[in-house]
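Structural features, examined
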Amino acid sequence: MKNTSLKQIGLGLFLTSVGLFISLTFILNINFKNSHLESLSRLKDEVFAKNLSALNPAPVIVMAGKLSKTINDYNKSVVKERGIELKYTDEFLEKLNNDASAFEIKEINEENGFSGASAEKLREYTGWMEGRTWSDFSSFEMEFRSKVKDVNKSIISEYGIGESSRSQTKLDAILLGAPDYLKSGWAALLIFGLAVLGGLVYFIPLMRMKPGIQNNHIYHNKSQTAKGPAIIVFVLLVVFYIILYQFPVYLANQIALVEPLSQIMAGNASSQWFLYGFLYSLSMLVMGMRMMIKYRGIKYQQFRTLSVIFFQLAFAFTLPQILTRFQLPSYDLKSAWPLEYSYFFDYRVDQYLEAGNLGLYMFFWGIILFAVGVPLLTYFYGKRWYCSWVCGCGGLAETVGDPYRHLSDKSLGAWKIERWLVHGVLVFAVVMTGWVAYTTFSGQAELFGINSYSMRSTYGFFIGFVFAGAVGTGFYPVMGNRVWCRFGCPLAAYLGLVQRFKSRFRITTNGGQCISCGNCSTYCEMGIDVRWYAQRGQNIIRSSCVGCGVCSAVCPRGVLKLENGTEKGRINDDPILIGRDRATLNL
Amino acid sequence: MSHGTVIIGNGIAGITTARYLRKYSDQRIQVISSETPYFFSRTALMYVYMGHMKFEQIKPYEDWFWEKNKIELVQARVERLDVQTKKLILDTGESISYDKLVIATGSKPRFFGWKGQDLQGVQGLFSYQDLQLLEENTPRPYEEGHPTKKAVVVGGGLIGVELAEMLNTRAIDVTMLVRDGHFWGNVITENEGKWIGKHIEDHGVKLQLNTELKEILADDTGGVAGVLTGNDDKIDCQLVGLTTGVQPNIDFLKGSGIEINRGVMVDEKLRTNVADVYAAGDCAELRNPLPGRKAIEPVWYVGRMMGEALGRTLSGTDSPYLPGPWFNSAKFFDIEYMTYGTVSAKPAEGEDQFFWKQEGKNRFLTIAYEKESQKFLGINSFGIRLKHEFFDLALRKGWKIGRVVGHLKLANFDPEFSPKWFKKMGRDFTDQTGIAQDKPGLFKKNFA
């Protein structure tokens, strides 16, 4: 069959799969009427379950809103029963007759309509307001009402469905109400199977080509030069990340798809993170196959690809699920601080310390990894041991991101930004971890007036979600596959410092053989102007070089070689190009 | 008033001259080109056509580099040179004065006056304009319904094989006419030519050996319809690529007083017969080439090395162009080629050659050595990356072949995890030639 037809079929299959995947949010009704009241009750209680079963079936996109309303109604009834009602608040404030000084906390009592735990809380929250002078009554009123709100909020957290469990409850509810065939495993096989099949068919033309460099028509191709189709992929990816992190309820059906796999692996219910891990690993696997085909004949690329696939499947995806099954902390053993920025967060440290000896070993493994493993291995092999052979972000970049590696910005300007940004994030990560570790080990939330929880959530949102997630992966089709690694990863900055100043790794150039064609610079995913070094015969030692080896692969004259060697003479700033005798007269 | 140095031509020779001159001097430097506004790597034009890179990416220096280094770029064509008044007359009518002049106008394709060589659809491949013409002649990069279905490439050499590779990426049926009995017959050995020929044919290109071009046939509209070979075979095609060699681009110097032969005659300091006028690169012809070297060597590396020497000379310190041992490189589809020293296409008097190929792979080499003295003469390596530094030293120091073969492990430049080959090759060498290997100590890493 013709290559173009195969590609069309492959693409068609893949897009069908994507279409089905996305459509799950918009079609297929979520139905609570058929669910057992018992299982629904496990979400919260019988009352809530009854309210749910009263809802008419609707697709996720609509049901999410309905659920929100159901939760709000439920919370309102909780407030009515146990909280502070508006009418009693209004009456209470009226009784004060615009005189704030008349306020006494002992008036917060059963007689006036306040009782039970909520009354106690209100007295506690407003104690400081008694006997205080107020500029006017309205400022007192505003403060009082806000305290009432706080009390109700805490009542809801305790007895209703609070902020922190709202998202999870909605998700769990939809999972219960999702059609059974969706959760059976066949739906997943169909949808993901189509995508995988599409990919494999699409790769057949690549298999037909001879082993060698296969970069033909990349710059003739709109989807690889940040035009129309690439922009669509970019938008889809960013939207996916935003929904995954901030509005996971809209992915509930898709999460249900992988429920059986989650049960098999972890004995646990599926979640958006399991779905994410599954998609991540699956796409790495399929695109990894493409790498193996594309780089036939270049063992370095093939071994490296197998390595990142192994570490992702075994360490990042499977092992943590199995650990969960055995009720151990689910830890990705290859994940090193500061990339794994939550390492010293209190809930994590507690997890390890509560998990007996094994937990303790895991905790110390993590410390040894970043404190000893990183500098030692980087000394011997350069930062490539992690960034190109082990890291999950790197693994996705090298497989799924391979079609986009040439989009990295090679200009001097980009490098200037890179230097400041990536080391800035490292400083932020170190400072944030310092604050958080202080909290974890001392129990105090504030240090020098800065709250460690707000610092950590700021870091988590901007660096963890926006930068590493949405920008890091979403921007593949427009800015290349290593945007996070190059501009944001604090571990990369740390590894890079070791590589630049104390390492045996370098990319050697072959004498005077460079013809300045520019393939190396074009295909360098880190935006290094490799050609600048090669054409003057200078070794390439850059803190950003992840040792992917693609420059060496695409060089048409074999000028570049990644190698580990003696430190002596590694950095040669003033090289002499071999080829002629430099006899000069009249010296 | 100082006019400084003016360089005609912004290729590797002209630009390297400018760069090295600027390294050692503050004098005014102007570079004139009628080809492109900025220096680009000619060797990479093929990758632009194939879609591996954009044109912007084959420029070795970012555009701000020239202003930053005070190298003025002039876009114009030089019509005439007046050595009496030291002026260049441009096609715009303007003139540029110079204190010192460097002629670095490079090569142009060499045609042999075939009937039909001026038809539409017939072209050489050298300049940026040739690339643009090729794009026009073969529109729509990868569609199968486009008008250029078949092409004939005349000349089995470096540019020919690159052109064939380029056309292959656009679903064009390519037939290559090779005058000799094997591909690149006057440079590589018969064994090597045979394997390269097979590789080329594996890519779907038809090779017609021992075949010359007789005539190019026209259709009704002034375009190409086909070619007639020396064997009177007719081959239909819509495109003819004439890659039968290059010659110095110096027509504009006729009658100027500069001594020219095939190229601009220069001494080892790259001076022409006229004071303050120099030449470098493809267009220069050495009066006294070094033994074993040619008078004209139209090769990227030579242009660069001449530029290095000339730039230094122009700054005031005489620096003759003294090339070291010969080296060159190329790529034939997926097989990389590098050569160090001299391996004769047919073994010369007193020269022995050893050919070795790795079983089942496109990796092979030929080493040449003096029969009597066993002195190492040169190596052609295909698909095996070897260190330039190693062979530069071996040739300068006059190593014997036994030592070269014995130390080959230290010349390894293949990427990590590549198949190992030196042991087998060394054993095969000794078995076949009877010459023992002179090996280094077990832990020796450097080869000096």
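Residues numbered from 1 in each chain as written. Chains lettered and ligands numbered in written order. Predicted model: local features only at pLDDT ≥ 70, side-chain atom pairs only at ≥ 80, totals over all residues. Heavy atoms only, no water.

A word on the nonpolar core. Ranked by internal contacts, the top residues of the largest apolar core, which has 125 residues, are B:Ile103, B:Leu167, B:Leu386 and B:Phe391. Setting aside residues no more than four positions away along its own chain, B:Leu167 makes contact with B:Tyr49, B:Leu134, B:Thr138, B:Ala151, B:Val153, B:Ile172, B:Val174 and B:Leu239. Counting 73 residues, the second-largest nonpolar core is a separate cluster that includes A:Phe48, A:Val151, A:Ile191 and A:Tyr404. (Core = buried A, V, L, I, M, F, W, Y, C linked by side-chain atoms within 4.5 Å. Buried < 20%, exposed > 50% of the residue type's maximum accessible area, 1.4 Å probe, protein only. Contact = heavy atoms within 4.5 Å.)

Taken together, the contact pairs 63 residues of chain B with 58 residues of chain A. Together, the buried faces of chain B and chain A total about 5100 Å²; carbon and sulfur atoms form 49% of this surface. For the pair chain B and chain A, the interface holds four salt bridges. For the pair chain B and chain A, the interface holds 28 residue pairs in polar contact (both at pLDDT 80 or more). Sorting the residues of the side of chain B that touches chain A by element identifies helix H2 (45-50), helix H7 (300-314), strand S21 (322-323), strand S22 (327-332), strand S23 (335-341) and helix H8 (388-396) of chain B as the ones contributing at least two each. Ranked by the residues each element gives to the side of chain B that touches chain A, the list is headed by H7(B), at seven residues. Across the side of chain B that touches chain A, the residue classes tally to 27 nonpolar, 14 polar and 22 charged. Judged from the two bridges that link them, strand S7 (residues 580-581) of chain A and S21(B) form a sheet pairing that is antiparallel. When the sheet's bridge partners are listed, A:Asp581 is paired in S21(B) with B:Leu322. (Buried area = accessible area lost by both parts, 1.4 Å probe. Salt bridge = Lys/Arg side-chain N within 4 Å of Asp/Glu carboxyl O. Polar contact = N/O pair within 3.5 Å; in protein donor to acceptor, adjacent residues only side chain to side chain. Helix = DSSP H or I, 4+ residues; strand = E, 2+ residues; numbered from the N terminus. Nonpolar A, V, L, I, M, F, W, Y, C, P; charged D, E, K, R; others polar. Pairing = 2+ DSSP bridges.)

Moving on: the packing of aromatic side chains. Residue and element names in this part refer to chain A. A full pass over the atoms with the stated rule returns 77 aromatic pairs over all chains. A centroid spacing of 5.6 Å and a plane angle of 80 degrees characterise the contact between Tyr241 and Tyr276, whose relative ring orientation is edge-to-face. Of this pair, Tyr241 sits in helix H10 (residues 228-246) while Tyr276 sits in helix H13 (residues 272-294); the two residues are 35 residues apart in sequence, bridging distant segments of the chain. Residue class for Tyr241 comes out buried when judged on its relative accessible area of 2%. (Phe/Tyr/Trp six-rings, centres within 6.5 Å; stacked < 30°, edge-to-face > 60°.)

All names here are of chain A. Close contact between helix H1 (residues 3-23) and helix H9 (residues 186-208) brings their axes to 7 Å; oriented N to C, the two are set at 160 degrees. Relative to H9, the element H1 lies roughly antiparallel. Remark: the crossing between H1 and H9 carries left-handed chirality. Every residue of H9 that contacts H1 at Asn3, Leu6, Lys7, Ile9, Gly10, Leu11, Leu13, Phe14, Thr16, Ser17, Leu20 and Phe21 is listed here: Ile191, Phe192, Leu194, Ala195, Leu197, Gly198, Val201, Tyr202, Ile204, Pro205 and Arg208. Partitioning the contact of H1 with H9 into residue classes produces 16 nonpolar, five polar and two charged. (Axes fitted to C-alpha atoms, helices over the stretch in contact; angles between N-to-C directions. Parallel < 35°, antiparallel > 145°, perpendicular 65-115°, else oblique. Left-handed = near helix turned anticlockwise from the far one by under 90°.)

Further remarks concern a positive patch on the surface. Residues and elements named next belong to chain B. A cluster of basic side chains, namely Lys409, Lys420, Lys423, Arg427, Lys439 and Lys445, defines a positive patch on the protein surface. Counting through the fold element by element, Lys439 comes out in the segment after helix H10 (422-433). The class of Lys439 is exposed, set by a relative accessible area of 55%. (Patch = residues over 30% accessible without salt bridge, like charges linked within 9 Å, V, L, I, M, F, W, Y side chains within 5 Å. Areas by Shrake-Rupley, 256 points an atom, 1.4 Å probe, with all protein chains shown as cover. Lys, Arg positive; Asp, Glu negative; His and termini not counted. Charge placed at Lys NZ, Arg CZ, Asp CG, Glu CD.)

Here the focus is the pairing of strand S11 (residues 173-177) of chain B. Residues and elements named next belong to chain B. With four of five residues buried, S11 lies mostly within the body of the structure. Judged from the five bridges that link them, strand S10 (residues 150-154) and S11 form a sheet pairing that is parallel. Each residue of the ladder has a partner; that of Val153, found in S11, is Met176. Tracing the backbone out of S10, into helix H5 (residues 158-168) and back to the parallel element S11 gives a crossover that is right-handed. The parallel pair S11 and strand S12 (residues 206-208) is bridged by helix H6 (residues 190-202), and the resulting crossover is right-handed. (Right-handed = clockwise from strand over helix to strand, strands pointing away.)

Below, the discussion takes up the sheet that holds strand S5 (residues 87-90) of chain B. Residues and elements named next belong to chain B. A sheet is described by the order of its strands in space; here three strands give the open sequence S4-S5-S6, paired in antiparallel fashion. Of all strands in the sheet, those with a lone pairing partner are strand S4 (78-82) and strand S6 (95-97), marking the two edges. Taking each pair of neighbouring strands and ignoring which way they run, the sheet shows an average axis angle of 20 degrees. Looking at chain direction, S5 and S6 are connected through three bridges and run antiparallel. Residue pairing across strands places Ile89 opposite Ser95, the latter belonging to S6.

Residues and elements named next belong to chain A. Judged by side-chain polarity, Ile22, Phe26, Ile27, Ile61, Val62, Ile232 and Leu236 come together as a nonpolar surface patch covering roughly 610 Å² of accessible area. Secondary structure elements with two or more residues in the nonpolar patch: helix H4 (60-82) and H10. Tracing the sequence through the fold places Ile232 in helix H10.

For the rest of this paragraph, the subject is the sheet that holds strand S25 (residues 364-370) of chain B. All names here are of chain B. Within the open sheet, the five strands sit side by side as S22-S23-S26-S25-S24. Their pairing is antiparallel. Edge strands, defined here as strands with exactly one partner in the open sheet, are S22 and strand S24 (351-357). Recorded for the sheet is a direction-independent mean angle of 10 degrees between the axes of neighbouring strands. Direction of pairing for S22 relative to S23: antiparallel, over a ladder of six bridges. Bridging from a neighbouring strand, Ser329 pairs with Met338 of S23.

Before going further, it helps to spend a moment on the pairing of strand S6 (residues 560-564) of chain A. Residues and elements named next belong to chain A. Summarising burial for S6: four of the five residues are buried, a large majority. Pairing geometry for strand S5 (residues 505-509) and S6, over five bridges, is antiparallel. Counted as the bridge partner of Phe505 is Asn564 from S6.

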